[in-house]
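# Observations on chain architecture
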Amino acid sequence: MRYYSTNHKAPTASLAEAVVNGLAGDRGLYMPERIVPLPEEFFTNMAQMTFADIACTVADAFFGDDIEQGELHRIVRDTLAFDCPVVPVTDSIYSLELFHGPTLAFKDVGARFMARLLRHFSKADNGETVNVLVATSGDTGSAVANGFLGVEGIHVYVLYPKGKVSKIQECQFTTLGHNITAIEVDGVFDDCQALVKSAFMDTELNRHMKLTSANSINVARFLPQAFYYFNAYARMKELGKADNLVVCVPSGNFGNITAGLFAREMGLPIKRFIAANNANDVFYQYLQTGNYAPKPSIQTIANAMDVGDPSNFARILELYGHDHAAIKAVICGATYSDDSIRETMKTCHDSFGYVLDPHGACAFRALSEGLADDENGVFLETAHPAKFKETVENAIGQKIGIPARLAEFMKGEKQSVQLGKDFCGFKSFLMSE
Ligand SMILES: *Cc1c(COP(=O)(O)O)cnc(C)c1O
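Residues numbered from 1 in each chain as written. Predicted model: local features only at pLDDT ≥ 70, side-chain atom pairs only at ≥ 80, totals over all residues. Heavy atoms only, no water.

### Re the pairing of strand β12 (residues 376–381)
Among the 6 residues in β12, 6 count as buried, and that is most of the element. With burial as the criterion, each face of β12 is covered, one bearing N376, V378 and L380 and the other bearing G377, F379 and E381. Across 5 bridges, strand β4 (residues 93–97) lies against β12 in parallel orientation. Its bridge partner lying in β12, S95 is registered against F379. The pairing of strand β9 (residues 245–250) with β12 spans 4 bridges and is parallel. Bridge pairing in β12 places V246 opposite G377. (Buried < 20%, exposed > 50% of the residue type's maximum accessible area, 1.4 Å probe, protein only. Helix = DSSP H or I, 4+ residues; strand = E, 2+ residues; numbered from the N terminus. Pairing = 2+ DSSP bridges.)

### Some details on the sheet that holds strand β3 (residues 86–88)
The sheet built from 6 strands is open, its strands ordered β3-β4-β12-β9-β10-β11 with mixed pairing. In this open sheet, the two strands that pair with only one neighbour each are β3 and β11 (331–335). Pairwise comparison of adjacent strand axes, ignoring direction, gives a mean angle of 25 degrees for this sheet. Both β9 and strand β10 (residues 272–277) contribute to a ladder of 5 bridges, which runs parallel. Bridging across to β10, V246 finds its partner in R272. Running over the sheet, helix α11 (residues 226–238) touches β3, β4, β9, β10 and β12 and is turned about 140 degrees from β12. (Axes fitted to C-alpha atoms, helices over the stretch in contact; angles between N-to-C directions. Contact = heavy atoms within 4.5 Å.)

### Overview of the packing of aromatic side chains
All told, the structure shown has 20 aromatic pairs when counted by the stated rule. On the basis of an interplanar angle of 50 degrees and a centroid distance of 5.9 Å, the ring pair of F62 and F63 is categorised as tilted. Classification of F63 as buried rests on a relative accessible area of 0%. (Phe/Tyr/Trp six-rings, centres within 6.5 Å; stacked < 30°, edge-to-face > 60°.)

### Structural notes on helix α17 (residues 358–370)
The end-to-end C-alpha separation of α17 is 19 Å, in line with the 18 Å expected for 13 residues at 1.5 Å each. Burial of α17 is extensive: 10 of the 13 residues sit out of reach of the surface. Taken together, the buried positions of α17 are occupied by P358, H359, G360, A361, C362, A363, F364, R365, A366 and L367. (Expected span 1.5 Å × (residues − 1).)

Interpretation in functional terms is not warranted from these geometric data alone.
Written out as C-alpha cells, the structure is:
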C-alpha cells in the first residue's frame, strides 16, 4: 500500500516511510491510497469472533501488503493485551471502554501498535536504534512512553515542562526507566516542542542518531484505532443491539473519529457518527456553516480535546472529496460548556450509576440528546475517570477509586534529566548518549 499526502505536493510513501517520517514532506498528513472493503461474511460472522481475531482481519486490509501475516498478527495481538468492552449505561446507550490499557486512555492502542511497527521496520533496517522524541503537556508522553516501554531497538525521550504536568501524569513516564528517558525542561510546553523541532533539523545530531517522532497524526498511531470500532459493532451485534448503530466520539484532533470513518468506509454498518466537542467548536461550526475557521484553543475540563485547529480535519475532507454535504450526511456535531459536562457527569452517575470522565461525558450527552427511538448508541469512553479524579469527584459529589495500575505508577521512583530550554544543552545531552 502506498500513502499519499493530503496536500498532494509530496511523493507517495511506503508504510515504513510514512511511519518513520510522520508528516509528509509538504507538511500534509499521510492517507492510504486505497480503502479495502471487507467481505460481507466478515460482518455476518463478527459476533462470534474475538476482538483480537477481528483486529487481525482489519490489520490485514491496511498493512497486509507490507508486513508478513504471521508477524503482523503478532504485532496486533501484542498491542491488544487488554480488552475494549462495551458496557450498558442505559437501554440503548453503551459505553465502549477504551481505558483498560496501561495508561488508562485510548491512546494506548495507537502508541503500542506504532512502537511494535517501528521495531519491525528498524529490525529490517539493520537494527540501528531508533530514537523517538516526544514533547508532552501530559497525556501523550505517558501513552507513548508506556507503548514503547521494553520494545527492543527503540529509545524514547519524553520532554515535559517542569512543574506543569499533574503528579499522576508525571509518574506515568518518569518512573519507567529501561528504554524511557524523561527530560524535565525548565520552561513551558512550547519550549519542549521547540527543542524537538530543532533536534529534527540539526544535521550533526541526525548523523549521530536516528531520530523520529511519535506524533498522533502518524498513520501507525491513527489507523489501528479502527480495530475497536469493529469490535464495538461485533459486541453490540452479540447483544442484539447493532441495528441503526450511532457512534459518538469525544473529539479534539479528530484522529479517533477519523479511524471510525475509515471503518465505515470498509463496510462496517455504522449508520452515522456524532463528533462531541467541548467548548472548542471549530468542527461543529464547520458542520453548520460549511466554513472552517480555526481559532486559538480554549482551556476546558475535558482538556485532551482543547484543540482549535484539529489536524485530522484534512483527512476527513479527503475521505469525502471535500464535500460538505457528504460530510454532514455521515457526521453531526455537538458542543458542551464545562458546566454542561459537570452536570452530565452528575446526572449519569445519579440516574444510571455510571461514572464518566469529562471527555466521555460530552459523548454520552450528545447521544442522550440526539438518539432517535429506533437507534442504538455507543460512545467512546476515552479515559478512565480516575485520570481526572478531582474534577470528577467534585462533579458527582463522591470519591472514586484509583485502579491498581495507576496506583502502581505512583509508587515508583521518579527518574529524570533536568535541562534548560536552550537547544545547545539538549543537543550536547543527546550527542553524549
Ligand atoms: C486525545 C484524547 C481525546 C481526543 O482524541 P482525538 O483523536 O484527538 O480526537 C479525547 N479524550 C481523551 C481522554 C484523549 O486523551
